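Results of the structural survey
Below are the chains, spelled out letter by letter.
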Amino acid sequence: MIERLGAPLSEPIFEELAIIGVGLIGSSIARAARRRNVAQRIVLADHSVGVLERAKALSLGDLVTDDPVRAVSHADCVILCTPVGANAAIGRAIAPALPRGTIVSDVGSVKGAVIAALQPALPAHARLVPAHPVAGTEYSGPDAGFASLFINRWCILTPPEGTDEAAIEKVRALWEAFGSHVEIMSAAHHDLVLAITSHVPHLIAYNIVGTAADLEEVTRSEVIKFSAGGFRDFTRIASSDPTMWRDVFLHNKDAVLEMLGRFNEDLTALQRMIRREDGDGLFAPFTRTRAIRLGIVAEGQETAAPDFGRRATETDEPVP
């Protein structure tokens, strides 16, 4: 099992890597790419002046710009690290400037909508290889990133049918260089899987924290003061970037609604068990779900530590 990023690659995978959007994921990619020598040159673009200033102060890229067209003009790989709702506009903006054969990828947790937005916007000579690194924290911004974020996490690639195999392998090599395990699946299957493993849990977290805040019989100070572990976990999830998650739900609507329907059916069954004081009925799903948690820990996708393994496991100092 990989625990630390390896030594720099002897030969970079790309000549110039352009990262558009320098938040948690974008800044972590920049850090990991620098550490592993994934690209000879790293270019960063963001619309926020504050983000650009921090990216420069942290020396995350060789060039930092507010112009995405400039950022991609010499890139052989472009990774969009922006909310999925921005993909169509960004794709149209950068399309004329993309060099022939450039690989365009992303990091969004919705894939069908990404392909629908980018495929018609990009020139025929571009190579679209959507990706989703299943990694992150509740923090955002360039200061939140760290090079080891992707170690032992899965990255799912969803290339459209007919995508150039060499381009897919280059994107695979990039994520493997970051310490990720890579799997390839269809965009439709990805969106269904992530609806239940990520999107619906976030929606539940937003909802339950909002419900607690709206309770007239319980004060805000009591909610904060007496939060048990489970509620604290919900507040961590519910503190995730609101723009990103708004776009996720709007762009994976069908799969999320399907999973919410299943969830509501199961919740109704639990309500009946509680009303009927069916202890055996409640014990069975509680036992089954506990085993799932232990399986996630055993697979190395979590730890049993109170911080859930989400703190940086190593510093971001340059490799000697």
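Up top is the structure these notes are about.
Quick caveat: nothing in here was measured; it's all calculated off a predicted structure. (Residues numbered from 1 in each chain as written. Predicted model: local features only at pLDDT ≥ 70, side-chain atom pairs only at ≥ 80, totals over all residues. Heavy atoms only, no water.)

1. Side note on the pairing of strand E8 (residues 154-157)
Across 3 bridges, strand E7 (residues 131-133) lies against E8 in antiparallel orientation. Residue pairing for E8: His132 is matched across the bridge by Ile156. In this view, the connection linking E8 to its parallel neighbour strand E9 (residues 181-184) by way of helix H6 (residues 165-177) has right-handed handedness. (Pairing = 2+ DSSP bridges. Helix = DSSP H or I, 4+ residues; strand = E, 2+ residues; numbered from the N terminus. Right-handed = clockwise from strand over helix to strand, strands pointing away.)

2. Digging into the packing of helix H7 (residues 187-214) against helix H10 (residues 242-251)
The relative placement of two packed helices comes down to the angle between their axes together with the axis-to-axis distance. Following both chains from N to C, one finds H7 and H10 inclined at 120°, their axes separated by 11 Å at the closest point. Judged by the inter-axis angle, H7 sits oblique to H10. For the element pair H7 and H10, the recorded crossing hand is left-handed. For the pair H7 and H10, contact is made by Ser198, His199, His202, Leu203 and Tyr206 and by Pro242, Trp245, Val248 and Phe249, respectively. A breakdown of the residues in the contact of H7 with H10 according to their chemical character gives 6 nonpolar, 3 polar and no charged. (Axes fitted to C-alpha atoms, helices over the stretch in contact; angles between N-to-C directions. Parallel < 35°, antiparallel > 145°, perpendicular 65-115°, else oblique. Left-handed = near helix turned anticlockwise from the far one by under 90°. Contact = heavy atoms within 4.5 Å. Nonpolar A, V, L, I, M, F, W, Y, C, P; charged D, E, K, R; others polar.)

3. So, the sheet that holds strand E2 (residues 39-45)
The parallel open sheet is built from 6 strands, whose spatial order is E3-E2-E1-E4-E5-E6. Looking along the sheet, the strands with just one partner apiece sit at the ends: strand E3 (63-65) and strand E6 (127-128). Sheet topology places strand E1 (residues 14-20) next to strand E4 (residues 77-80); 4 bridges connect them, and they run parallel. From the neighbouring strand, Ile19 faces E4, where its bridge partner is Ile79. Its contacts with the sheet place H6 against E1, E4, strand E5 (103-106) and E6, and it is angled at close to 45° to E5.

4. Considerations on the side chain of Thr163
Relative to the assigned elements, Thr163 resides in the loop between E8 and H6. A relative accessible area of 14% means that Thr163 is categorised as buried. Only 2.6 Å separates the side chain of Thr163 from the backbone oxygen of Pro160, close enough to count as a polar contact. Non-local contacts of Thr163, meaning those with residues more than four positions away in its chain, are made with Leu128, Val129 and Ile168. (Buried < 20%, exposed > 50% of the residue type's maximum accessible area, 1.4 Å probe, protein only. Polar contact = N/O pair within 3.5 Å; in protein donor to acceptor, adjacent residues only side chain to side chain.)

5. Quick notes on the packing of helix H11 (residues 253-275) against helix H12 (residues 279-298)
Packing of H11 against H12 brings their axes to within 8 Å, and their N-to-C directions diverge by 140°. Taken together, the axes of H11 and H12 lie oblique to each other. On the side of H11, the interface is formed by Leu270, Met273 and Ile274, while H12 contributes Gly281, Leu282 and Pro285.

6. Regarding the environment of Glu217
By secondary structure assignment, the location of Glu217 is in the loop between H7 and helix H8 (220-225). Placed 73 residues apart in sequence, Glu217 and Ala144 show a C-alpha to C-alpha distance of 36 Å.

7. Points about unusual backbone geometry
Among all residues save glycine, negative phi is the norm, and among peptide bonds the norm is trans. Of note in this structure, Asn37 is not a glycine but carries a positive phi near 60°. Counting through the fold element by element, Asn37 comes out in the loop between helix H1 (24-36) and E2. For Asn37, a relative accessible area of 24% corresponds to the partly exposed category.

Just distances and angles here, no functional claims.
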